[in-house]
Amino acid sequence: MRPPRALHCEFPIGRPLGKPGDAAFQHDVLRRAFALLERESGPVLEDHPEVIVADEQPISCPMPARFDPDLPPAVDEARGIRGAYDRSRARRGVTNVGRAMDPDTVPEALAALKQIADGADWKSVRLPGKNTVAVTLDIRAYYEEAALELADGPAPGPRAAEAWFFEKTEAGALVLAARAEIKRQGAQEGIWLYMAPVQR
């Protein structure tokens, strides 16, 4: 692209200023970027001196105990973390849930994904929002926002919540199983591929 001035920062995706909660580090990134404007000619490309490696380990996030053993595990789990989701939404004032459904519909969507994972024809299952990718993005947002209230320790790494969702929760396992089943049933790639990050 040959931008006239650029500060290349080797930071994890989603962390443009580096370390969350570290105002001194973030100000240093901004100071270095704005200092490039003082150069009389360009193009100028400089590297930030510190490299930050992404933490891919799942966050430590205690989940509530099962409440209703008659429900599919993911549905019961989603109901169990609703309080944490509500606290997160109240504290932040915003939510990323809403592409295809509202928070109240998350358990229903998980029940539909369970039918698909169990072999039901994905076209005939009533999936709220109807768009498999948007639905699973809403489910992930619901879980990851709840996890911010439940997690132990400092702010999680950028991929830590994703790793937690897919590796530690019933809902994450269900999304992967439903995606595999939709693929097995011969659906077009755009229907199933982006239900989860492609490396999963």
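Caption draft 1: Looking closely at the pairing of strand S2 (residues 44-47). Pairing of strand S1 (residues 5-8) with S2, which is carried by four bridges, proceeds in the parallel orientation. When the bridges of S2 are listed, His 8 appears paired with Asp 47. Each parallel crossover has a hand, and the one from S1 via helix H1 (residues 23-35) to S2 is left-handed.

Caption draft 2: Region of the structure containing the pattern of salt bridges. For the coordinates displayed, the defined rule picks out 17 salt bridges. Here Arg 200 ties to Glu 167 by a salt bridge, and the two come within 3.2 Å at their closest N and O atoms. Of this pair, Arg 200 sits in the segment after helix H8 (189-192) while Glu 167 sits in helix H6 (residues 160-168), and the two are 33 residues apart along the sequence. For Glu 167, a relative accessible area of 46% corresponds to the partly exposed category. Among the charged side chains, a network of salt bridges with common partners joins Arg 140, Glu 144, Glu 162, Glu 167 and Arg 200.

Caption draft 3: Fine view of unusual backbone geometry. Notably, Lys 130 is not glycine yet its phi reads approximately 65 degrees, a positive angle. Positionally, Lys 130 belongs in the loop between helix H4 (106-117) and helix H5 (132-150). On the basis of relative accessibility, which here comes to 75%, the residue Lys 130 falls in the exposed class.

Caption draft 4: Highlighting the environment of Thr 95. Mapped onto the fold, Thr 95 is located in the loop between helix H3 (82-92) and H4. For the pair Thr 95 and Tyr 142, spaced 47 residues apart in sequence, the C-alpha separation works out to 8.1 Å. If near-sequence neighbours (up to four positions away) are discounted, Thr 95 is found in contact with Tyr 85, Arg 89 and Glu 145. Within the structure, the side chain of Thr 95 is placed 3.1 Å from the backbone nitrogen of Val 97, a separation counted as a polar contact. Side-chain polar atoms of Thr 95 contact the side chain of Glu 145, separated by 2.7 Å.

What counts and what doesn't
- Residues numbered from 1 in each chain as written.
- Predicted model: local features only at pLDDT ≥ 70, side-chain atom pairs only at ≥ 80, totals over all residues.
- Heavy atoms only, no water.
- Pairing = 2+ DSSP bridges.
- Helix = DSSP H or I, 4+ residues; strand = E, 2+ residues; numbered from the N terminus.
- Right-handed = clockwise from strand over helix to strand, strands pointing away.
- Salt bridge = Lys/Arg side-chain N within 4 Å of Asp/Glu carboxyl O.
- Buried < 20%, exposed > 50% of the residue type's maximum accessible area, 1.4 Å probe, protein only.
- Contact = heavy atoms within 4.5 Å.
- Polar contact = N/O pair within 3.5 Å; in protein donor to acceptor, adjacent residues only side chain to side chain.

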